[in-house]
Amino acid sequence: MDTIRVNLSNRSYDIHVGAGLLQQLGDFIRPLKLSRHLGLVTHPELATPYGSVVADSLRRAGHEVSFLMVPAGEESKSMEQAGRLCRELVGARLDRGSALCGLGGGVIGDLAGFVAAIAFRGIPFLNVPTTLLAQVDSSVGGKTGVNLPEGKNLVGAFHQPRLVVADVLTLRTLPEREF
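Our subject in this report is the structure included herewith. (Residues numbered from 1 in each chain as written. Predicted model: local features only at pLDDT ≥ 70, side-chain atom pairs only at ≥ 80, totals over all residues. Heavy atoms only, no water.)

## Observations regarding the nonpolar core
Condition: Joining through side-chain atoms within 4.5 Å is the link that ties buried Ala, Val, Leu, Ile, Met, Phe, Trp, Tyr and Cys residues into a set, and such a set is a nonpolar core. Only protein chains enter the area calculation, which uses a 1.4 Å probe; residues under 20% of their type maximum are buried, those over 50% are exposed, and those in between are partly exposed. Segments assigned H or I by DSSP are reported as helices when at least four residues long, segments assigned E as strands when at least two residues long, and all are numbered from the N terminus. The contact criterion used is simple: two residues touch if any of their non-hydrogen atoms lie within 4.5 Å.
Counting 21 residues, the largest nonpolar core has Leu25, Ile29, Val54, Leu58 and Leu163 as the members making the most contacts within it. At the level of elements, helix H1 (25–29), strand S3 (37–42), helix H2 (44–60), strand S5 (99–104), strand S6 (125–129) and strand S9 (163–167) are the ones that each hand at least two residues to this core. Looking at which element gives the most residues to this core, the answer is H2, with five residues. Look past the residues within four positions of Ile29 in its chain and what remains in contact with it is Leu34, Leu38, Leu58, His63, Leu126 and Leu163. Counting residues in each nonpolar core, the second largest holds 19 residues, with Leu68, Ala82, Leu89 and Phe125 among its members.

## Here we look at the sheet that holds S3
Within a beta sheet, neighbouring strands are joined by backbone hydrogen bonds and run either parallel or antiparallel to one another. To keep it simple, the criterion reads: Strand pairing requires that DSSP identify at least two bridges connecting the strands. Helix axes are fitted only over the stretch in contact, all axes being lines through C-alpha atoms; the angle between N-to-C directions runs from 0 to 180 degrees.
Taken in spatial order, the seven strands of this open sheet run S1-S2-S9-S6-S5-S3-S4, and their pairing is mixed. The open sheet has two edge strands, strand S1 (2–6) and strand S4 (64–69), and neither has a second partner. On average, each strand axis in the sheet is tilted by 20° relative to the strand beside it, whichever way the strands run. Alignment of S3 against S4, held across six bridges, turns out to be parallel. Bridged to Gly39 within S4 is Ser66. Against the sheet, helix H3 (residues 79–91) makes contact with S3, S4 and S5, and its axis sits at roughly 155° relative to S4, the strand it touches most. Contacting S3, S5 and S6, helix H4 (residues 106–118) runs over the sheet at an angle of about 170° to S5.

Dropping the structure here:
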């Protein structure tokens, strides 16, 4: 495993890159002293192969996990989905002390990061990118956002993740075209 430190004063965070890291996510977040209750945003195609692994790791670390599903694809990166996720966070009894984890590609990372930036006036965000582009680009830098009918990424915020965990084994399930 390699760890890269992004130094941003009080907004600094680590990026862990390696194989088999999903099972260790709970261990990686333990030093962050996050709230017990976490939301996990993903889509159905990732929930089965990876969602349960991530949730189990977080539960072993003492966290309660609420799954928040969005449909796969760029259409989910919308104000409508962001609003729905905010309402689901409240319904799942998350609060200002909770954190949100995004498990997926760039769409999931952008959407979950944006929701973390606006829900409860900002809660910690953990990014677990599962595509090559998300692992090398969109998971780093804190740019979050959603699309409008008028164009891509027209509504957003800068909200740095507290942690990025890039498990390269998730790339094995991608179609070759993704590389």
